[in-house]
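A closer look at the structure
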Amino acid sequence: MAKLFEKINFGQLQLQNKIVIAPMCQYSALEGEVSYWHEQQWANYALSGAGLCIVEATAVQDIGRISYADLGLWNDIQRAKIKALLAKVKSLSPMPFGVQLAHAGRKASCHKPWDGGGQIAPDQALGWQTVSASELAFAEHDHPPHALTTDEIQQVIQDFATAARRAVDAGFDLIEVHAAHGYLLHQFMSPLSNQRTDAYGGSLENRIRLTLEVFQAIQAAVPEGYPIGVRISASDWMGEQGWDVQSSIGLSTALEQLGAVYIHVSSAGLHREQQIDVKPNYQVGFAAQIKQQVNIPVITVGLITQAQQAEQILQQEQADAIGLARAILYEPRWPWHAAAELGAQIAIAPQYLRCQPHGLKNLFHSF
Ligand SMILES: Cc1cc2nc3c(=O)[nH]c(=O)nc-3n(C[C@H](O)[C@H](O)[C@H](O)COP(=O)(O)O)c2cc1C
């Protein structure tokens, strides 16, 4: 039996297999609202055979968007449009949908990647003043962020909680807190971007405070037992000066104690001079180290593209679930092919049952 196709629980949410569609910004929202692009994409995901889809970074404040075309949940129109779309895509398959709640901090106010991706200055059309832990810009020529006051930090926490309430109401089955990739929560955690001298800066305990408070505020805002996971960057890839795997273990154990249902282990994004050795499985070692210290599921992600590769990671107990981003964009039926290759069975929409390839018996069954 392939481990990749065993069920797994994230808290009270059961996944039919261990394939998780990782969050991927689409830069296709208008005023933070889902568009026709999201309709086709979420429908594709729903029919992919994956165990869970985590929808792209979705901003809790308008200034928390990476670009003006990001999705948001800072108002009720956004919630209503997502709710209508989720009702549609959930009529296609029982696959659960989670949402990644995010604030981009100093990495906000950018062009879409295919328009160059750089920062848009606050005095330019479609740009705004960014915020962060300290007044340290991400890129040399970026307009420096405003360092959040204590009151403004409280507002960020509240806005994560309000967005979480909207996410539940919209019909999402899970919330992932985006604490990775150099965005606001990560900016507070890394000593390279946080030079504060108040309760949110200095010691590790102080630097992880905002992430833990955001987690707790979300938890208080959603129904009891509603699953909340957290995505982290396990390392800044900046040597001893940066956030590292030991700090990540401290953060992960604190999140586990608060009730996080998983840790999704990514890395990097905080500093422009990061030195990453990008290759297949390049983040699996981080997941494995964290997995040894927590009892909740650990998702690994990053250049996992092959079924056997994913299966081996699970067989070797380096992680509990596999996040896929680019590979599933490239081939949205990746889980079908993986099931075929690993000799497993996969549940698909009954409308598609007749396309089972000749010679492959019992690959498909209906939802
Ligand atoms: C188009 C695209 C958009 C992405 N957007 C997000 C995002 O919204 N939130 C996030 O945490 N990571 C985001 N990522 C990172 C992926 O979730 C993933 O961690 C990364 O691509 C490595 O996995 P892969 O090798 O399977 O692609 C994005 C990646 C891509 C390719």
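Just so it is clear, the structure is predicted and the values come from calculations on it, not from any experiment. (Residues numbered from 1 in each chain as written. Predicted model: local features only at pLDDT ≥ 70, side-chain atom pairs only at ≥ 80, totals over all residues. Heavy atoms only, no water.)

**Here we look at the nonpolar core**
What tends to happen in soluble globular proteins is that the nonpolar side chains get buried as a cluster. We apply this condition: Side-chain atoms within 4.5 Å are what join buried Ala, Val, Leu, Ile, Met, Phe, Trp, Tyr and Cys residues into a set we call a nonpolar core. To sort residues, take the accessible area from a 1.4 Å probe on protein chains only and compare it with the maximum for the residue type: under 20% means buried, over 50% means exposed, and anything in between is partly exposed. Elements are defined by DSSP. Helices are runs of H or I of four residues or more, strands are runs of E of two residues or more, and each kind is numbered from the N terminus. Contacts: residue pairs with any heavy atoms within 4.5 Å of one another.
Trp42, Phe97 and Phe172 are the most contacted members of the largest nonpolar core, which has 100 residues in total. Among the elements that take part in this core, helix H3 (residues 150-170) stands out by supplying nine residues, more than any other. Leaving out residues up to four positions away in the same chain, phenylalanine 172 has contacts with Trp42, Val55, Leu73, Ile82, Leu86, Phe97, Gly98, Val99, Ala167 and Tyr226. Counting residues in each nonpolar core, the second largest holds 12 residues, with Ile8, Leu52, Val261 and Ala321 among its members.

**Quick notes on the pattern of salt bridges**
When their charged atoms lie close together, side chains carrying opposite charge are able to pair. Which entries qualify depends on this criterion: Note on definitions: salt bridges are taken to be side-chain nitrogens of Lys or Arg within 4 Å of carboxyl oxygens of Asp or Glu.
Tallied over the full model, the rule gives 11 salt bridges. Its salt-bridge partner being aspartate 169, residue arginine 79 comes within 2.6 Å of it at the nearest N-O pair. Linking arginine 79 in helix H2 (residues 76-89) with aspartate 169 in helix H3, this pair joins segments that are 90 residues apart in sequence. One salt bridge connects aspartate 198 with arginine 196, and the closest N-O pair in it is separated by 2.8 Å. Judged by relative accessible area, which is 13%, arginine 196 ranks as buried. Salt bridges here are not isolated pairs; linked through shared partners, they connect Asp76, Arg79, Lys83, Arg166 and Asp169.

**Re the site of the ligand**
Our working rule: One heavy atom suffices: a residue is near a molecule or strand as soon as one of its heavy atoms comes within 4 Å of it. Within 3.5 Å is the distance limit for a polar contact, defined as a pair of N or O atoms, with the added protein rule that one can donate a hydrogen and the other accept it, and that residues adjacent in sequence qualify only through two side-chain atoms. Surface exposure here means Shrake-Rupley accessible area, sampled with a 1.4 Å probe, where a residue is shielded only by the protein chains that are shown. Cavities and pockets are found on a 1 Å grid laid over the protein atoms alone: a cavity is a set of points where a 1.4 Å probe fits but cannot escape, a pocket is an open set with protein on both sides within 12 Å along at least five of seven lines, and a lining residue has an atom within 4 Å of such a point. To qualify as sitting in a cavity or pocket, a molecule needs more than half of its atoms within 2 Å of the grid points. Polar here means any residue other than Ala, Val, Leu, Ile, Met, Phe, Trp, Tyr, Cys and Pro, which are nonpolar, and Asp, Glu, Lys and Arg, which are charged; Gly is therefore polar.
Neighbouring the ligand are 15 residues; Cys25, Gln100, Arg231, Leu303 and Arg326 lie closest to it. In this structure, a nitrogen atom belonging to the ligand sits 2.8 Å away from a main-chain N or O atom of cysteine 25. At 3.2 Å from an oxygen atom of the ligand is found a side-chain nitrogen or oxygen belonging to histidine 178. Protein chains shield 82% of the accessible area of the ligand, which is 600 Å² for the free molecule. In a pocket analysis with a 2 Å cut-off to the grid points, the ligand is assigned to the largest pocket. Residue composition of the shell around the ligand, grouped by class: nine nonpolar, four polar and two charged.

**Focus on the layout of surface pockets**
Space left empty within the atom packing is revealed by a probe, the size of a water molecule, rolled over the atoms. Just so we agree on the cut-off: Grid points are joined across faces, edges and corners, and a volume is the space filled by probe spheres set on the points.
If you add up the space inside the largest pocket, you get close to 1100 Å³. Considering the residues around the largest pocket, the lining is formed by 46 residues, among which Tyr27, Lys107, His181, Tyr183 and Gly269 are closest to the centre. Looking at the lining of the largest pocket, the elements with two or more residues in it are strand S13 (321-324) and helix H10 (326-330). For the lining of the largest pocket, the leading source of residues is H10, giving three residues. In the lining of the largest pocket, the residues fall into 23 nonpolar, 17 polar and six charged. For the second largest pocket, the calculated volume is near 340 Å³. In this structure, the second largest pocket is lined by 20 residues; those nearest its centre are Gln16, Asn17, Gly49, Ile346 and Ala347. Every element with two or more residues in the lining of the second largest pocket is listed here: strand S2 (13-15) and strand S14 (346-348). Across the lining of the second largest pocket, the residue classes break down as 10 nonpolar, eight polar and two charged.

**Focus: empty space enclosed by the protein**
As enumerated under the stated definition, the model contains two cavities of 30 Å³ or more in all. There is about 60 Å³ of room inside the largest cavity. Lining the largest cavity are Ala57, Thr58, Ala59, Gly64, Arg65, Ile66, Asp70, Ala102, His103, Ala104, His178 and Tyr183. Here the lining of the largest cavity gets three residues from one element, more than from any other, and that element is strand S4 (residues 52-59).

**Comments concerning the environment of phenylalanine 215**
Relative to the elements of secondary structure, phenylalanine 215 occurs in helix H6 (residues 209-221). Note on phenylalanine 215: relative accessible area 1%, which makes it buried. Among all residues touching phenylalanine 215, those that are not within four sequence positions of it are Ile228, Val230, Leu255, Leu258, Gly259 and Ala260.

**What about the pairing of strand S12 (residues 298-301)?**
Heads up, the rule is: The path from the first strand over the helix to the second decides the hand: if it runs clockwise while the strands point away from the viewer, the crossover is right-handed. By the convention used here, strands pair only if DSSP detects at least 2 bridges between them.
The alternating pattern of S12 places Val298 and Thr300 on one face and Ile299 and Val301 on the opposite face, and all of these are buried. Handedness of the β-α-β unit built from strand S11 (residues 263-266), helix H8 (residues 284-291) and S12 comes out right-handed. Inspection of the sheet shows S12 paired to S13 by three bridges, in the parallel sense. If you follow valine 301 over to S13, its bridge partner there is glycine 323. Regarding topology, helix H9 (residues 307-315) serves as the crossover connection from S12 to the parallel S13, and that connection is right-handed.

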